[in-house]
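Listed here are the chains, written in short residue letters.
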Amino acid sequence: MYYITKNKLTFYLLVGLCILIGFIGPFILPGKYYYDANLIVSDPLKQRGWIESYPVTMMFYHLTRLSYVSYSIVALVQLPILFYILKKIGIPEKFHVFTVRNVIVYLAFLMIAVFISQPSKEFITYLFITLVLFILVQRGISFKLLLALAFGAFFAFGIIYRPYYIFIPFISIGMYAITFIKIPNKVFLAIFNGVLVIIFISLTYGVLKGDYLSMISRENVNLVRINSGDTDTNSIIMSPIYPDTWYGEVVSMFYGFFTVNLPVNGLKFIKSPQIIAFVLWQLTLSVLLMLRLSKCLQEPQKYKEALWVLFFVFAFFIAQGMFEPDLGSAVRHKIGIFPLIYFSLYYEDFRRKLSERL
């Protein structure tokens, strides 16, 4: 007689609920949730191509013919793939227990159902991130070689799809440098060093090109949105100092990082429940991941796969501080790298088992 364990039952029930939500979402969710999807499907400016995120995504959905079916059908195609990937990574042994960590992941599952059950750039990002994770956990190959392959994958993805992914290896290396310093708790210093790396890159870019990165990727975009009368600007991220000077850019980078990843200032949106929900989810997630990073930094050789996965996660978080225009976009983009987050939160459960099942 086949017996299904409680953790697997919880996983499958949650997946079933998410697929149902993805299927009925187009009938109940506000239209703003499908703005990008509508743009990808309609391709109004005939942008389909093989370079940059929108053209590549438009080409992907055109070639797969998913541009020509309802979003409910897209959900039935995409969501099983995304959750199958999580199953291959592993189902945590105590996934059925009502803990803070599990609740954060349950909510992330629901976010997948909302944000990636439609034509989406995050679907392609999610698949790419899965490739990076599967590279890192392979056995029988030098870890330095695997790391080099992961770096190469980020560079290629950055060139072809999303430029800011090019920064992830550099930020990660900056964080890794802290492992050589003998201090009791390295977490905050590692993150601080990662932010310094992206600031250095931005200031260098500003000297060469005349504009700093946060100004061209976030501030100017939001100014256009405000001036155009965009009504969905209540959670936009605007630096208290305009980043047209070196010190303004430094403030902008730190402000962006904290707003996106430790968004206590988001609690002011008390009249917007969805923003408050994100703020609480993000704060809890960041604390959990910092605790994981602290443990891995204590024994970097023992937890080398998990450590580098966490470096990649925090490197992405740091890059988000530069480019994210608003809190809504921030949570959607985090769901795109969810396989790394999922592995980081439960690495004790399956870090040694994953490559055996691939």
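Residues numbered from 1 in each chain as written. Predicted model: local features only at pLDDT ≥ 70, side-chain atom pairs only at ≥ 80, totals over all residues. Heavy atoms only, no water.

1. Looking at the overall build of the chain
What counts here: Only DSSP runs of H or I reaching four residues or more are called helices, and only runs of E reaching two or more are called strands; each is numbered from the N terminus. Between the two quantities, the radius of gyration covers C-alpha atoms and the globule rule is 2.2 Å times the number of residues to the power 0.38. When accessible area is computed with a 1.4 Å probe and restricted to protein chains, residues below 20% of their type maximum are described as buried, those above 50% as exposed, and intermediate ones as partly exposed. Contacts are assigned to residue pairs with any non-hydrogen atoms lying within 4.5 Å of each other. Only the protein chains shown count as cover for residues, and the accessible areas themselves come from Shrake-Rupley with a 1.4 Å probe. The convention is simple: Lys and Arg are positive, Asp and Glu are negative, and His and the chain ends are not counted. Charge coordinates come from a single atom per side chain, which is NZ of Lys, CZ of Arg, CG of Asp or CD of Glu.
Helix and strand counts for the chain stand at 17 helices and zero strands. Taken against the 2.2 N^0.38 rule, which gives 21 Å for 358 residues, the C-alpha radius of gyration of the chain at 20 Å falls within 12% of a compact globule. Taken along its principal axes, the extent of the C-alpha atoms in the chain is 70 × 55 × 40 Å. By the burial criterion, 54% of the 358 residues in the chain qualify as buried. A separation threshold of at least 6 residues defines the contact pool for the chain, and within that pool the share at least 24 residues apart is 69%. Accessible surface computed for the chain: about 16,400 Å², of which carbon and sulfur atoms make up 68%. Here the chain contributes 31 positive and 18 negative side-chain charges, whose respective centroids are spaced 10 Å apart.

2. Brief notes about a nonpolar patch on the surface
Here is the rule we go by: The patch calculation keeps residues exceeding 30% relative accessible area without a salt bridge and links them within 9 Å when they carry like charges or within 5 Å when they are nonpolar (Val, Leu, Ile, Met, Phe, Trp, Tyr). What makes a salt bridge here is a side-chain nitrogen of Lys or Arg within 4 Å of a carboxyl oxygen of Asp or Glu, nothing more.
Side chains of L17, L20, F23, I24, F27, I28, V69, I73, L76, V77, I81 and L127 sit close together on the surface and give an oily, nonpolar patch of about 990 Å² of accessible area. Sort the elements by how many residues they give to the nonpolar patch and helix α1 (residues 6–28) lands first, with six residues. Mapped onto the elements, L76 comes out in helix α4 (residues 71–89).

3. Topic: the environment of I276
Looking at the element boundaries, I276 is found in helix α12 (residues 273–298). Each C-alpha atom of the pair I276 and G266 lies 6.9 Å from the other, and the pair is ten residues apart in sequence. Dropping the residues within four chain positions of it, I276 is found in contact with G266, L267, F269 and I270.

4. Topic: the side chain of Q320
Rules: Identification of polar contacts relies on pairs of N or O atoms within 3.5 Å, with a donor-acceptor requirement for protein atoms, meaning one able to donate a hydrogen and the other able to accept it, and with residues adjacent in sequence counted only if both atoms are side-chain atoms.
Turning to its location among the elements, Q320 is positioned in helix α13 (residues 304–323). A polar atom in the side chain of Q320 sits 2.7 Å from the side chain of E324. A polar side-chain atom of Q320 sits 2.4 Å from a polar atom in the side chain of K334. Discounting chain neighbours no more than four positions away, the residues touching Q320 are V260, N261, A330, H333 and K334.

5. Observations regarding the nonpolar core
Put simply, the rule reads: Among buried residues, those of type Ala, Val, Leu, Ile, Met, Phe, Trp, Tyr and Cys that are joined through side-chain atoms within 4.5 Å constitute a nonpolar core.
In terms of nonpolar packing, the biggest core is built from 113 residues, with L86, F109, Y165, F312, F317, F338 and Y342 touching the most fellow members. Of all the elements, α13 adds the most residues to this core, at 16 residues. Setting aside its immediate chain neighbours within four residues, Y165 contacts T125, F128, I129, F154, F157, G158, F316 and I337.

6. Quick notes on the pattern of salt bridges
A full pass over the atoms with the stated rule returns eight salt bridges. A salt bridge links E305 to R139; the shortest N-O distance between them is 3.1 Å. Pair noted here: E305 is in helix α13 and R139 is in the loop between α6 (121–136) and α7 (143–160), with a separation of 166 residues, a long-range link. Relative accessible area serves as the criterion here: at 9%, E305 is assigned to the buried category.

7. Here's the deal with helix α15 (residues 338–345)
In terms of burial, α15 is largely enclosed, as eight of its eight residues are buried. Where α15 is concerned, the buried positions are F338, P339, L340, I341, Y342, F343, S344 and L345.

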